[in-house]
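One-letter residues, chain by chain:
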Amino acid sequence: MKKINLLCATLLVSILVAASPAGAKNTPPRDLWDRVEHHDADSNGVKIHYAAIGKGPLIVMIHGFPDFWYTWRKQMEALSGRYRVVAVDQRGYDLSGRPTGIEQYAMPLLVNDIGAVIRAEGRSNAVIVGHDWGGAVAWTLAMTHPEWIQALVILNLPHPSGIQREIKNNPQQRKNSEYAFNFQKPGAEKTLSAEKLAGWVKDDAARVHYIEAFNRSDFEAMLNYYRANYPRPDQEPAAATPAPPAPPLPKVTVPVLEFHGLDDQALLPGALSGTWDLVGKDFTLVTIPGAGHFVQQDASDLVSTTMSDWLARRIH
């Protein structure tokens, strides 16, 4: 009888341990995909969808081409313990609105979309993080609405002045930008597919989400970012007397952290030169050999830990 009671007690202890919080630690955490909140902001009638997680100071993350909010999953995971992290679907992508017409993708409207997200969160400003076209929006927002920004984090998108300079003066950058010039041509979106656009995604499980998101997106809208905002190869005036240079862009007046994967073939690192002259606060540049254009995924741990440390020293 004693042996039976001992066996029963041992079995009971095992069941309780398995059901305890300590036992639960062995259960794999749910993917971020299943844990975020989903919200919409209204940007002058255009729905801007965003995913959110965490509490604290607000961070707004803006993706580029071809991408959607889920590109920030590693950074959202790393930062959500201290911040309210929001990742936007830019207009034309995934669950956001898809207005028609090139003019609907002009930079001032893209900037206003981020302002709408900040307001939807009940805040007056945020840390802004941008990659690729999201980086262009972030730079522009910092120059035109500095009151909306506490700090700026840029990934693989040199300052617009640097990109324009390199396209004008650097034959290699001009050659490597040929894809962008082709995107500006009418009907270029007909060559795209969700599977083709998701071809750069290395994670098989993530690629499934990407294909689904791109099938919900508008390919023409994606390319309208290039048509409305990207420098053109034929912008030099044909007149004998050149037009006066455009006035310099205003300096960025918030701290800036910039990452650049040096294997990026779309945006060469030469455009980074002189960025320090365009920023009026502290500027931190992190170049990462071996990482390509999608540096937030190619070097996710380095990007996440550096961003976390840098923000902890500036945002309270």
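These remarks concern the structure in this document. No experiment lies behind these values; they were computed from the predicted model shown. (Residues numbered from 1 in each chain as written. Predicted model: local features only at pLDDT ≥ 70, side-chain atom pairs only at ≥ 80, totals over all residues. Heavy atoms only, no water.)

1. Points about the packing of helix α4 (residues 107–120) against helix α5 (residues 133–144)
So, step 1. Contact geometry for α4 and α5: axes closest at 9 Å, N-to-C directions at 85°. Considering the angle they form, α4 stands roughly perpendicular to α5. Here Met107, Leu110, Val111 and Ile114 of α4 come into contact with α5, specifically with Trp133, Ala136, Val137, Thr140, Leu141 and Thr144.
So, step 2. For the contact of α4 with α5, the residue count by class is 8 nonpolar, 2 polar and no charged. (Axes fitted to C-alpha atoms, helices over the stretch in contact; angles between N-to-C directions. Helix = DSSP H or I, 4+ residues; strand = E, 2+ residues; numbered from the N terminus. Parallel < 35°, antiparallel > 145°, perpendicular 65-115°, else oblique. Contact = heavy atoms within 4.5 Å. Nonpolar A, V, L, I, M, F, W, Y, C, P; charged D, E, K, R; others polar.)

2. Quick notes on the packing of aromatic side chains
So, step 1. Enumeration according to the criterion identifies 22 aromatic pairs in this entry.
So, step 2. Centre to centre, the rings of Trp69 and Tyr70 are 5.4 Å apart; their planes meet at 75°, and the pair counts as edge-to-face. Accessibility classification places Trp69 together with Tyr70 in one group, the buried group.
So, step 3. With centroids separated by 5.7 Å and ring planes inclined at 65°, the aromatic side chains of Tyr210 and Phe214 adopt a geometry described as edge-to-face. Here Tyr210 and its partner Phe214 are both found in helix α10 (residues 204–215), 4 residues apart, which amounts to about one turn of the helix.
So, step 4. Among the residues examined, Tyr210 registers a relative accessible area of 0% and is labelled buried.
So, step 5. Judged by its relative accessible area of 0%, Phe214 is buried.
So, step 6. Grouped by ring-pair contacts, the aromatic residues Phe65, Tyr93, Tyr105, Trp133, Tyr179, Phe181, Phe183, Tyr225, Tyr226 and Tyr230 constitute a single cluster. (Phe/Tyr/Trp six-rings, centres within 6.5 Å; stacked < 30°, edge-to-face > 60°. Buried < 20%, exposed > 50% of the residue type's maximum accessible area, 1.4 Å probe, protein only.)

3. As for the pairing of strand β1 (residues 37–43)
So, step 1. Two elements, β1 and strand β2 (residues 46–53), share 7 bridges in a ladder whose sense is antiparallel. If you follow Asp40 over to β2, its bridge partner there is His49.
So, step 2. Remark: 2 residues form the turn of the hairpin made by β1 and β2, two consecutive strands paired antiparallel; Asn44 in that turn has positive phi of roughly 50°. (Pairing = 2+ DSSP bridges.)

4. Focus on α10
So, step 1. When the terminal C-alpha atoms of α10 are compared, their 17 Å separation across 12 residues agrees well with the 16 Å that a helix rising 1.5 Å per residue should span.
So, step 2. Three or more residues of α10 are buried, namely Ala206, His209, Tyr210, Ala213 and Phe214. Across the axial projection of α10, the buried residues extend over an arc of 130°, all falling on one side. Turned more than 90 degrees away from the buried face of α10, the exposed residues are Asp204, Ala205 and Asn215.
So, step 3. Buried residues in α10 make contact with α3 (73–79), α9 (194–197), α11 (219–229) and α12 (295–298).
So, step 4. The opening residue of α10 is Asp203, an N-cap whose side-chain oxygen sits 2.9 Å from the backbone nitrogen of Ala205. (Expected span 1.5 Å × (residues − 1). Arc of directions from axis to C-beta. Polar contact = N/O pair within 3.5 Å; in protein donor to acceptor, adjacent residues only side chain to side chain.)

5. With respect to the environment of His209
So, step 1. On the secondary structure map, His209 appears in helix α10.
So, step 2. Spatially, the C-alpha atom of His209 lies 9.2 Å from that of Trp33, the residues being 176 residues apart in sequence.
So, step 3. With residues near it in sequence (within four places) discarded, His209 still touches Trp33, Phe68 and Tyr70.

6. With respect to the layout of surface pockets
So, step 1. Taken as a whole, the second largest pocket encloses approximately 310 Å³ of empty space.
So, step 2. Phe65, Pro66, Phe183, Trp200 and Phe294 are, among the 16 residues lining the second largest pocket, the residues nearest its centre.
So, step 3. Counting only elements with at least two residues in the lining of the second largest pocket, the list comes to α8 (178–183) and α9.
So, step 4. Looking at the lining of the second largest pocket residue by residue, the classes come out as 10 nonpolar, 3 polar and 3 charged. (1 Å grid on protein atoms, 1.4 Å probe; cavity = no way out; pocket = protein on both sides within 12 Å on 5 of 7 lines; lining within 4 Å. Points joined across faces, edges and corners; volume = space filled by probe spheres on them.)

7. Topic: the sheet that holds β1
So, step 1. With mixed pairing, the 8 strands of this open sheet are ordered in space as β1-β2-β4-β3-β5-β6-β7-β8. The strands lining the two open edges of the sheet, one partner per strand, are β1 and β8 (283–288). When strand polarity is set aside, the average angle formed by the axes of neighbouring strands in this sheet is 20°.
So, step 2. Relative to strand β7 (residues 256–261), strand β6 (residues 149–155) runs parallel, the two being bridged by 4 bridges. Residue pairing across strands places Leu155 opposite Phe259, the latter belonging to β7.

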